[in-house]
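Secondary and tertiary structure notes
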Amino acid sequence: QVKLVESGGGLVQAGGSLRLSCAASGRTFSTYAMAWFRQAPGKEREFVAAITGSGVTTYSANSVKGRFTISRDNAKNTVYLQMNSLKPEDTAVYYCAVRVGLTYKYWGQGTQVTVSS
């Protein structure tokens, strides 16, 4: 049974920071890429950032480059998303996902991030 649990969301003022965590259970994910996505009200889910299984390589959406950093601790089966200089347009439900093959197969339940202006 695969389970992903996100935490760390909340309400923050514009310019503030939050750190999201995604804890994985059920199997070891050190060989799998993981990613963060987000979905704002009335919008489609969009890619935020991804990281390879080793943690050596990361990818970020242009909208968050220079502000968000993805990292992972394979010993803890946990992926993080450090979010700095938050903007109201970053308000969304944030989801973590595990990539298996060519698809993101496993998803968490999401954590709400709200940025006030």
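Before reading on, note that the structure itself is shown above.
In short, a report on the structure. Predicted, not measured: the structure shown is a model, and the values here were computed from it. (Residues numbered from 1 in each chain as written. Predicted model: local features only at pLDDT ≥ 70, side-chain atom pairs only at ≥ 80, totals over all residues. Heavy atoms only, no water.)

Let us look at the packing of aromatic side chains. Enumeration according to the criterion identifies 4 aromatic pairs in this entry. Arranged with centres 5.8 Å apart and planes meeting at 80°, the rings of phenylalanine 37 and phenylalanine 47 form a pair that is edge-to-face. In this pair, phenylalanine 37 is assigned in strand S4 (residues 34-39) and phenylalanine 47 in strand S5 (residues 46-51), connecting sequence segments 10 residues apart. Ring centres of phenylalanine 37 and tyrosine 104 lie 5.1 Å apart, and the angle between their planes is 80°; this geometry places the pair in the edge-to-face category. Here phenylalanine 37, found in strand S4, pairs with tyrosine 104, found in strand S10 (residues 103-107); they are 67 residues apart in sequence, far enough to count as distant. These aromatic residues form a ring-pair network of at least three members: Phe37, Phe47, Tyr104 and Trp107. (Phe/Tyr/Trp six-rings, centres within 6.5 Å; stacked < 30°, edge-to-face > 60°. Helix = DSSP H or I, 4+ residues; strand = E, 2+ residues; numbered from the N terminus.)

Disulfide: a covalent bond connecting the sulfur atoms of a pair of cysteines. In the structure shown here, the tally under the stated rule is 1 disulfide. Paired by a disulfide, cysteine 22 and cysteine 96 hold their sulfur atoms 1.9 Å apart. The chirality of the disulfide connecting cysteine 22 with cysteine 96 is right-handed, given an S-S dihedral of about 55°. Of this pair, cysteine 22 sits in strand S3 (residues 18-25) while cysteine 96 sits in strand S9 (residues 92-100), and the two are 74 residues apart along the sequence. With respect to class, cysteine 22 is no different from cysteine 96; both count as buried. (Disulfide = S-S within 2.5 Å. Buried < 20%, exposed > 50% of the residue type's maximum accessible area, 1.4 Å probe, protein only.)

On to the side chain of threonine 78, then. Examined against the element boundaries, threonine 78 turns out to sit in strand S8 (residues 78-83). Within polar-contact distance, the side chain of threonine 78 engages the backbone oxygen of lysine 76 at 2.8 Å. Excluding residues that lie within four positions of it along the chain, threonine 78 makes contacts with Ser21, Cys22, Ala23, Ser71, Arg72 and Asp73. (Polar contact = N/O pair within 3.5 Å; in protein donor to acceptor, adjacent residues only side chain to side chain. Contact = heavy atoms within 4.5 Å.)

Okay, the nonpolar core next. Membership of the largest hydrophobic core comes to 28 residues, with the highest contact counts inside it found for Trp36, Leu81, Met83 and Tyr94. Those elements that provide at least two residues to this core are S3, S4, S5, strand S7 (68-73), S8, S9 and strand S11 (111-116). The residues touching methionine 83, leaving out its near neighbours within four places in the chain, are Gly16, Ser17, Leu18, Leu20, Arg67, Phe68, Tyr94 and Val113. (Core = buried A, V, L, I, M, F, W, Y, C linked by side-chain atoms within 4.5 Å.)

Moving on, we get to the sheet that holds strand S1 (residues 3-7). Within a sheet, adjacent strands bond to each other through the backbone by hydrogen bonds, running parallel or antiparallel. The 4 strands lie next to each other as S1-S3-S8-S7, forming an open sheet whose pairing is antiparallel. The sheet is open, and its two edges are formed by S1 and S7, each paired on a single side. For this sheet, the mean inter-axis angle between neighbouring strands, taken without regard to orientation, is 15°. (Pairing = 2+ DSSP bridges. Axes fitted to C-alpha atoms, helices over the stretch in contact; angles between N-to-C directions.)

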